[in-house]
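Chain residues, written in single-letter form:
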Amino acid sequence: MLLPGLPPCIPYALHTVCFHTVLIVRTVKTSSPRATALARIVVLANQKGGPGKTTLAMCLAGELARRGHRVLVADADPQGTATRWAASAPDTKPFPARVLATGANPARLRAELRSHLHDYDFIIVDCPPSADSPLSHSALLIADLAVVPVIPSPPDLWAGLTIRHVIAGAARVHPELRARIVVNQRKPGTRLAAKTRELLPEYGIPVLNTQVGDREAFRHAAAAGATVADLPRAQLAQAEVFSLTHEILDVLEEDTPP
Ligand SMILES: Nc1ncnc2c1ncn2[C@@H]1O[C@H](COP(=O)(O)OP(=O)(O)O)[C@@H](O)[C@H]1O
Ligand SMILES: [Mg+2]
């Protein structure tokens, strides 16, 4: 079943990126009078504040832009963290993706996202710290992929569990929606605790293989208005962002959910 105005996905083009060739599946709005390639929309959402929605949204956007893609970050969080992040960049080295504050009106958010579909390859939506907010719900209804960052500790995992209902509700209306969990802020050098491994399946959402460590580089990147790729001595963070981006592109290439 399709949302009104949301047509089937059609593989569209092969793009060569810096290190390897990736099949980027582009959507073609067959019902549109002006059928052209459309941006893929990735929404960072979670019930809680703090697991890393903004951090991973900016890292993903920065990495995609670094690879030559046209990337928009839609800052749907009224706190405006992504906007401030980009504004911290020096004029001589702006943040590589455009960041746009989209306001607090859910209907306008979706209209705004639609209005940019032809101008970008990827739109990354940074949601407010409440997955059941109308803004998050609105973004999920137009998304190709929901990425849910979680901190691997039981209290954080318990607090975030309601996201599964929010995503399941959006997917009932918009079955093309895929979702993935990404473990963020894992203590470097540690394995996931048994309790964490036990709790993750309760989300009912596939977990990405990439786990992002708790690393200073991510905090520095925000302060510098940069991506971790621009920072010295940040190779481990860079490798994690590279791997995360690669996995997300792989999920977007898949033809059928989940
Ligand atoms: N992988 C990470 N390593 C270190 N600090 C992180 C990491 N991810 C997020 N943070 C920090 O955690 C805090 C919350 O992250 P943020 O991305 O703002 O979360 P959210 O957008 O979900 O509220 C910020 O101070 C951010 O710098
Ligand atoms: Mg945030």
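Our subject is the structure listed above.
Residues numbered from 1 in each chain as written. Chains lettered and ligands numbered in written order. Predicted model: local features only at pLDDT ≥ 70, side-chain atom pairs only at ≥ 80, totals over all residues.

Asker: What is the right way to look at the nonpolar core in this model?
Answerer: Generally speaking, a soluble globular protein has its nonpolar side chains buried in company with each other. With 72 residues, the main nonpolar core has Val43, Ile124 and Ala146 as its most contacted residues. Among the elements that line this core, the one with the most residues is helix α1 (residues 53-66), at 8 residues. Setting aside chain neighbours within four positions, we find valine 43 in contact with Val125, Cys127, Ala139, Leu140, Ala143 and Ala146. (Core = buried A, V, L, I, M, F, W, Y, C linked by C-beta atoms within 7 Å. Buried ≥ 20, exposed ≤ 12 C-beta atoms within 10 Å, placed from the backbone. Helix = DSSP H or I, 4+ residues; strand = E, 2+ residues; numbered from the N terminus. Contact = placed C-beta atoms within 7 Å.)

Asker: Help me understand the site of ligand 1 in this model?
Answerer: Around ligand 1 lies a shell of 18 residues, among which Gly52, Lys53, Thr54, Thr55 and Phe218 are the nearest. Those elements that place two or more of their residues in the shell around ligand 1 are α1, β10 (178-186) and α8 (216-224). Per-class residue counts for the shell around ligand 1 are 5 nonpolar, 9 polar and 4 charged. (Near = placed C-beta within 6 Å. Nonpolar A, V, L, I, M, F, W, Y, C, P; charged D, E, K, R; others polar.)

Asker: Help me understand unusual backbone geometry in this model?
Answerer: Most of the time, phi is negative for any residue but glycine, and the peptide bond is trans. Positive phi, normally seen in glycine, also occurs at glutamine 185, with a value near 60°. With respect to the helices and strands, the residue glutamine 185 is situated in strand β10. Residues other than glycine seldom take positive phi values, yet arginine 233 does so here, at roughly 50°. You can see arginine 233 is positioned in the loop between α8 and α9 (235-253).

Asker: Which parts of the structure should I look at to understand the environment of alanine 217?
Answerer: Position of alanine 217 relative to the elements: it lies in helix α8. The buried category is assigned to alanine 217, around which 22 C-beta atoms lie within 10 Å. Linking alanine 217 and alanine 229, residues 12 residues apart in sequence, is a C-alpha distance of 9.6 Å. Not counting residues within four places of it along the chain, the set of residues in contact with alanine 217 comprises Val228, Leu231, Ala234 and Ala237.

Asker: Hey, could you run me through the pairing of strand β8 (residues 122-126) in this one?
Answerer: Look at any regular strand and the pattern is simple: side chains alternate between the two faces of the sheet. Across the 5 residues that make up β8, a large majority, 5, are buried. Where burial is concerned, the two faces of β8 agree: the one with Phe122, Ile124 and Asp126 and the one with Ile123 and Val125 are both buried. Bridging between strand β5 (residues 40-44) and β8 involves 5 bridges; their strand directions are parallel. Bridging across to β8, isoleucine 41 finds its partner in isoleucine 123. In the sheet, strand β6 (residues 71-75) pairs with β8 via 5 bridges, with the strands oriented parallel. The residue bridging aspartate 75 from the neighbouring strand is aspartate 126, located in β8. (Pairing = 2+ DSSP bridges.)

Asker: Please explain the packing of α1 against α9 as it appears in this structure.
Answerer: Packed helix pairs are characterised by how far apart their axes lie and by the angle those axes make with each other. Direction vectors running N to C along α1 and α9 enclose 80°, while the axes themselves pass 10 Å from each other. Compared by their axis directions, α1 and α9 come out roughly perpendicular. Residues Cys59, Leu60, Glu63 and Leu64 of α1 touch α9, and the partners they reach there are Val241, Phe242, Leu244, Thr245 and Ile248. Grouping the constituent residues of the contact of α1 with α9 by class yields 7 nonpolar, 1 polar and 1 charged. (Axes fitted to C-alpha atoms, helices over the stretch in contact; angles between N-to-C directions. Parallel < 35°, antiparallel > 145°, perpendicular 65-115°, else oblique.)

Asker: What am I meant to see in α8 here?
Answerer: Side chains that are three or four residues apart share a direction in an α-helix, a result of its 3.6 residues per turn. For α8, the complete set of buried residues consists of Ala217, Phe218 and Ala221. Looking straight down α8, one finds its buried side chains confined to an arc of 100°; they lie on one side. Away from the buried face of α8 by more than 90 degrees, exposed residues Glu216, Arg219 and Ala223 are located. The elements touched by buried residues of α8 are α1 and α9. (Arc of directions from axis to C-beta.)

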